[in-house]
Amino acid sequence: MTAPEDRSIPENGTGEDHGTTLIGVRPHDDVDLALEYLTARSEAPAQFALGVAAAYRWSMGRSERSPVTGTAVRRPPDLPLLTAEVDAAVVQLEDPTSQAGARDFTRGVHDGLAWVCGYSDRRI
């Protein structure tokens, strides 16, 4: 998967409008609100919701390791690293031997990061 061409992010990690910090292609505040909503009101299945929450936390730099590959980062991940994690989730989802709970978690990570990266407009 590659980053959307029309939504490129400056290397400094800020948007062109008023210096908004971006997480993937989303404003930081939007990702933070999505996490807050998810933890307060989500009706998603438990493992799926945990995967989405892990994706949002990691994308904002609130987790030391990525949720699928376990990659350690010292700062919020940039779009190429977020995209690599989406790709890793796709590979794991295609593995027919994965357990149902793990598959639900990975699907949540995938869907959460797909929204953060701009591959989907569906916020969880």
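Located above this text is the structure these notes cover.
Residues numbered from 1 in each chain as written. Predicted model: local features only at pLDDT ≥ 70, side-chain atom pairs only at ≥ 80, totals over all residues. Heavy atoms only, no water.

Honestly, the nonpolar core in this entry has me stumped. Any pointers?
Taken as a class, soluble globular proteins show a tendency for nonpolar side chains to be buried jointly. Counting residues in each nonpolar core, the largest one holds 27 residues, and the members touching the most others are V31, L38, Y56, L113 and V116. The set of elements that each furnish at least two residues to this core consists of α1 (28-41), α2 (46-59), α3 (79-93) and α4 (100-117). Counting residues per element, this core draws most heavily on α2, at 7 residues. Apart from residues no more than four positions distant in its own chain, L38 is found in contact with A49, V52, A53, Y56 and I124. (Core = buried A, V, L, I, M, F, W, Y, C linked by side-chain atoms within 4.5 Å. Buried < 20%, exposed > 50% of the residue type's maximum accessible area, 1.4 Å probe, protein only. Helix = DSSP H or I, 4+ residues; strand = E, 2+ residues; numbered from the N terminus. Contact = heavy atoms within 4.5 Å.)

Would you mind going over the packing of α2 against α4 with me for this structure?
Two quantities define a packed helix pair, namely the angle between the helix axes and the distance between the axes. Between α2 and α4, the shortest axis-to-axis distance is 6 Å and the interhelical angle comes to 40°. As judged from the angle between their axes, α2 and α4 are oblique. As for how α2 packs across α4, the hand of that crossing is right-handed. Each of Q47, F48, L50, G51, V52, A54, A55, Y56, W58 and S59 in α2 lies in contact with α4, whose residues at this interface are G101, D104, F105, R107, G108, V109, D111, G112, L113, W115 and V116. Grouping the constituent residues of the contact of α2 with α4 by class yields 12 nonpolar, 6 polar and 3 charged. (Axes fitted to C-alpha atoms, helices over the stretch in contact; angles between N-to-C directions. Parallel < 35°, antiparallel > 145°, perpendicular 65-115°, else oblique. Left-handed = near helix turned anticlockwise from the far one by under 90°. Nonpolar A, V, L, I, M, F, W, Y, C, P; charged D, E, K, R; others polar.)

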